[in-house]
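Residue strings, one per chain:
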There are 2 protein chains.
Amino acid sequence: MRRPYRSFAFVLAVLGGGACCRAAELPQGVADTAAALRSGALAGTGAFDLVRSLSHEVGPRLAGSPGDKAAVAWGLAKLRELGFANVRADKVTVPHWERGAEVGEIVTPHPQPVVLAALGGSVGTPEGGITAEVVRFADLAALQAAPEGSLAGKIAFVDNRMQRAQDGSGYGRAVGARGAGPTEAARRGALAFLLRSVGTSNDRIAHTGATRYTEGVTRIPAAALSNPDADLLAARLAGGQPVRFHLELGSRYLPDAESANVIGEIVGRTNPEEIILLGCHLDSWDLGMGAADDGAGCAIVIEAARRIGALERRPRRTVRVVLFANEEFGLSGARAYAERYAADLPRHIVAAESDFGSGKVYRLSSRVAPEALPRVAALAGLLAPLGVTQGDNEAGGGADLIPMAPARVPVLSLDQDGSAYFDIHHTINDTPDKIDPKDLDQNVAVWAVTAYVAAEWPGDFGRAPEPPARR
Amino acid sequence: MRRPYRSFAFVLAVLGGGACCRAAELPQGVADTAAALRSGALAGTGAFDLVRSLSHEVGPRLAGSPGDKAAVAWGLAKLRELGFANVRADKVTVPHWERGAEVGEIVTPHPQPVVLAALGGSVGTPEGGITAEVVRFADLAALQAAPEGSLAGKIAFVDNRMQRAQDGSGYGRAVGARGAGPTEAARRGALAFLLRSVGTSNDRIAHTGATRYTEGVTRIPAAALSNPDADLLAARLAGGQPVRFHLELGSRYLPDAESANVIGEIVGRTNPEEIILLGCHLDSWDLGMGAADDGAGCAIVIEAARRIGALERRPRRTVRVVLFANEEFGLSGARAYAERYAADLPRHIVAAESDFGSGKVYRLSSRVAPEALPRVAALAGLLAPLGVTQGDNEAGGGADLIPMAPARVPVLSLDQDGSAYFDIHHTINDTPDKIDPKDLDQNVAVWAVTAYVAAEWPGDFGRAPEPPARR
């Protein structure tokens, strides 16, 4: 293991790319411990075992489902078993949507069944399903450009293909249609909405994910087709004949249910009331085992914090692990946390969430007070041996940090390689075999160093600038 | 395009690897036309369009299903449209098995649904399904070693993982459990049989394929788990607690149905009664679109023959394309063909079948009279610019050629790279997007050269040695 900082009394880090001049001094002891955490994690961690345990022993855990309850029990048991303090389940009320049976088929011309998945929150179809002609749109903008009433009696199909990218930026460009598409289609008279899956794989597997209906607009059933099935439908439509499609969705809402944010702490040595928050979300979509989304994130933050707790001397501040309830279907846990701990948020020194699968971390972005950027640079220096560079100060952080943004909680974002993440994201294919344990170890190394330094190093990250628009 | 043989009056080819000495003389005109076919195909063919058409306009086409009938109609229309002569549908009676609904789940400990697919021909489960404890076996041999009665009231699970290989040889080593497993389990008292999918992908997609029951042994329901689900079940079993599994299969047999071998010919110029048979199978499993298995094979042989038919001068012998009915579930079409054309088989100069997906051809194997091996070597020489080497003389040929073996019809086997084939084989993932059109073009080049040379070059391949045991 490389330990490039061992021989220096101080680490002098300057702002990445800046010509000048502010430096942050990192005490030698902190740097040494960080290096030990780094090399220790790279030698192998228990993170993959945690992912496998959550995936295999709990599996799917959509908010409100029996799996959700099992996940809370799993989280409490694991955190206790691993020696965390103040382990608790903070109750959270969550919506409870259930998928039910799903059928899709091209009826004419050339009948053929297709693979699809209801979008999360979709209403079901009426008894007997919906059979109607399909109208294709290249993307959401094309749908939005269609005249009112032009889709009366039709099924709208948005055929935009998500592009692969290291930073996952193709997702942001494609996902708008998942949220807004059903409402935009309904406004124009459509009976149902079909979407090319927001995902990068050609596997014949559909990607779910939340949609949202706008108040006052008819709620129409909405489903995503796998990429090969979207190809099929597009090819049939290109044939020039009318294409009729049959859709049956058994999805429905049940009464709200009880879930919980599961919390455990490595209590600070001298400043226990100051919090370094490491987050992930405990819920998952119903289709897969939630290994990458977000079993990986939970394993990373739990294992990173556990390793800090196992140090000879705990850091000054408290490292708090929060396994948020129901990120996927409305951020219920995040909102409940921000409300319950509103009075404590000014003492949240920094927060970070791991929720982007298991790809290696390649960049440290932030949203901290500008005067704290030299500290971020110093931290990035400690992460450089792990292949991490410093990014900008515009980080949004994970979705579960959004409700804390008004309190200006500083955010660090440990940006992961998302090149392969959207092959399995929100699908039945989200299983632990897709994860390389060595990638998780690299993540644990990055998180352990980051959390430890933030918890031990005197001084803080100030308060974050006013929250930006969500990225 | 390379035309290495243009400047030679003759091609002198010697047996690959042999020290000595028999040579085959290939007339310059034949070599020139072969080179033109080769370069023409590499410049781009219609093969991919054929695969896409069959996949999208017919899709799944299991023997006896509506798709099977649609495929016969498609084959007749395509062969006529492409200018084949003597286009006909030779009736074939086929079995008709239907999958129905499928449910599998681990019940205890840690309940979780799994992805599985009934093996082709499996009986269904009784009303309400089967719930029983699972007993794992590492492979078929381990199951066979279990004492009689030892599986009474249990579900047997064979957990052998297929290995990836260029020649697909991992399939042969793993597939035995698919055929014999249910009977071996039933002999020991098992209520049902589960198999780790015979496939190389970690996608959460199950691989079906025919099983066979032995007369006089109880027929028990049988299904294949996707690789990630087999991992899950194996992990739970490794946990030491009893694992109970619930299985529901709605599969059943319907009355035999009518299908057909679809045949078209490029009629020989001087010896029309001498047949060069190019085969593929028109049926597919019910799960996918049958793009690789065997849409690709049909597209390759149709397009290769079509290009021969489009030559200025047709070859001396007849090139007959046979799209066999029901290869997958019992070789019905192949048996019917061998019976119907029994009197003509002595005039079948050579037969070959394309049924291994869309990977490039890398080897020409054969089963011909030993004295005809120099002709095979000469042919291999013409294929060398396409990356093809000469294999042995032990080729089995495609499955549909098996019923012709007693008539000692010579066989050429154009061995394809099967490294990726078993990722999608017999799955819902067998769709045209998995195929590289350039790979198909290379196949068409190989097949067009091979069929043309066999049809034009005077002399023949003798009669094949007595049939070997099926590889």
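As the structure is a prediction and not an experimental result, all values here were calculated from the model.

Draft legend 1. Fine view of empty space enclosed by the protein. All names here are of chain A. For the structure shown, the criterion picks out five cavities of 30 Å³ or more. In this structure, the largest cavity spans a volume of roughly 60 Å³. Taken together, Ser284, Trp285, Leu287, Gly288, Gly290, Asp293, Glu328, His426, Thr427 and Asp430 form the lining of the largest cavity. Split into classes, the residues belonging to the lining of the largest cavity amount to two nonpolar, five polar and three charged.

Draft legend 2. How the structure looks around the state of the cysteines. Residues and elements named next belong to chain B. Inspection of the entire model under this criterion finds two disulfides over all chains. Disulfide pairing is shown between Cys280 and Cys298; the S-S distance is 2.2 Å. A torsion of 95° about the S-S bond marks the disulfide between Cys280 and Cys298 as right-handed. One end of the pair, Cys280, is in strand S13 (residues 271-281); the other, Cys298, is in helix H7 (residues 291-309), with 18 residues separating them in the sequence.

Draft legend 3. Local environment of the environment of Asp433 of chain B. Locating Asp433 of chain B in the fold gives a position in the loop between helix H10 (421-424) and helix H11 (437-456). Taking C-alpha positions, Asp433 of chain B is 8.7 Å from Arg52 of chain B, a pair spaced 381 residues apart along the chain. Look past the residues within four positions of Asp433 of chain B in its chain and what remains in contact with it is Asn202, Pro228 and Asp231 of chain A. Within polar-contact distance, the side chain of Asp433 of chain B engages the side chain of Asn202 of chain A at 3.4 Å. A polar contact is formed between the side chain of Asp433 of chain B and the side chain of Thr431 of chain B, at a distance of 2.6 Å.

Draft legend 4. Spotlight on the side chain of Ser354 of chain A. Mapped onto the fold, Ser354 of chain A is located in the loop between strand S15 (348-353) and strand S16 (361-367). When residues no more than four places from it in sequence are discounted, the contact partners of Ser354 of chain A are Gly279, Cys280, Asp294, Gly297, Ile300, Val301, Gln416 and Trp447 of chain A.

Draft legend 5. Seen up close, the sheet that holds strand S5 (residues 112-114) of chain A. All names here are of chain A. Read across the open sheet, the eight strands follow the order S5-S4-S11-S7-S8-S9-S10-S6; overall the sheet is mixed. Of all the strands in the sheet, the pair left with one neighbour each is S5 and strand S6 (116-118). On average, each strand axis in the sheet is tilted by 30° relative to the strand beside it, whichever way the strands run. In terms of strand pairing, strand S8 (residues 155-158) meets strand S9 (residues 192-196) through four bridges, oriented parallel.

Draft legend 6. Region of the structure containing the packing of aromatic side chains. Applying the stated criterion to the full structure yields 20 aromatic pairs over all chains. Taken together, a centroid distance of 4.6 Å and an interplanar angle of 20° make the contact between Tyr171 of chain A and Phe422 of chain A stacked. Within this pair, whereas Tyr171 of chain A is found in helix H5 (residues 169-174), its partner Phe422 of chain A is found in helix H11 (residues 421-424), the two being separated by 251 residues in sequence. Tyr171 of chain A gets classed as buried once you look at its relative accessible area, which sits at 17%. Through successive ring pairs, a cluster of aromatic residues spans Trp97, Tyr253, Trp285 and Phe329 of chain A. Just above the ring of Phe461 of chain A sits the side chain of Arg375 of chain A; from NZ or CZ to the centre is 5.8 Å. Arg375 of chain B extends its terminal NZ or CZ atom over the ring of Trp457 of chain B, reaching a point 4.1 Å from the ring centre.

Draft legend 7. Local environment of the interface of chain B and chain A. Each side of the interface is counted separately: chain B has 28 residues, and chain A has 28 residues. Of all residues in chain B, the largest losses of buried area upon contact with chain A belong to His56, Gln112 and Arg204 of chain B, amounting jointly to 28% of the total for that side. Joining chain B to chain A, the criterion identifies two salt bridges. Residues Arg236 of chain A and Glu57 of chain B are paired through a salt bridge, measuring 3.8 Å at the closest nitrogen-oxygen approach. Scanning the region where chain B abuts chain A turns up 16 residue pairs in polar contact (both at pLDDT 80 or more). Elements with a contribution of two residues or more to the side of chain B that touches chain A: helix H2 (47-57) and helix H6 (227-238) of chain B. Considering each element in turn, the side of chain B that touches chain A owes the most residues, six residues, to H6 of chain B. Of the residues belonging to the side of chain B that touches chain A, the class tally is eleven nonpolar, nine polar and eight charged.

Draft legend 8. Quick peek at the pairing of strand S11 (residues 244-249) of chain B. Residues and elements named next belong to chain B. In this sheet, S11 lies alongside strand S4 (residues 102-108) in antiparallel orientation, the contact comprising six bridges. Residue pairing for S11: Val103 is matched across the bridge by Glu248. Sheet analysis places strand S7 (residues 130-137) next to S11, joined by four bridges and oriented antiparallel. What sits directly across from Glu133, in S11, is Arg244.

Draft legend 9. Up close: the pattern of salt bridges. For the structure shown, the criterion picks out 56 salt bridges over all chains. We note a salt bridge from Asp344 of chain A to Arg347 of chain A, for which the minimum N-O separation is 3.0 Å. Between Arg164 of chain B and Asp423 of chain B there is a salt bridge, and its shortest N-O distance comes to 3.0 Å. Taken as a pair, Arg164 of chain B in the loop between strand S8 (155-158) and helix H5 (169-187) and Asp423 of chain B in helix H10 lie far apart in primary sequence, 259 residues in all. What emerges from the salt-bridge pattern is a single network uniting Arg88, Asp90, Glu265, Arg320 and Arg340 of chain A.

Conventions and cut-offs
- Residues numbered from 1 in each chain as written.
- Chains lettered and ligands numbered in written order.
- Predicted model: local features only at pLDDT ≥ 70, side-chain atom pairs only at ≥ 80, totals over all residues.
- Heavy atoms only, no water.
- 1 Å grid on protein atoms, 1.4 Å probe; cavity = no way out; pocket = protein on both sides within 12 Å on 5 of 7 lines; lining within 4 Å.
- Points joined across faces, edges and corners; volume = space filled by probe spheres on them.
- Nonpolar A, V, L, I, M, F, W, Y, C, P; charged D, E, K, R; others polar.
- Disulfide = S-S within 2.5 Å.
- Helix = DSSP H or I, 4+ residues; strand = E, 2+ residues; numbered from the N terminus.
- Contact = heavy atoms within 4.5 Å.
- Polar contact = N/O pair within 3.5 Å; in protein donor to acceptor, adjacent residues only side chain to side chain.
- Pairing = 2+ DSSP bridges.
- Axes fitted to C-alpha atoms, helices over the stretch in contact; angles between N-to-C directions.
- Phe/Tyr/Trp six-rings, centres within 6.5 Å; stacked < 30°, edge-to-face > 60°.
- Buried < 20%, exposed > 50% of the residue type's maximum accessible area, 1.4 Å probe, protein only.
- Lys NZ or Arg CZ within 6 Å of the ring centre and 35° of its normal.
- Buried area = accessible area lost by both parts, 1.4 Å probe.
- Salt bridge = Lys/Arg side-chain N within 4 Å of Asp/Glu carboxyl O.

So far we have only geometry, and geometry alone does not tell us how the molecule works.
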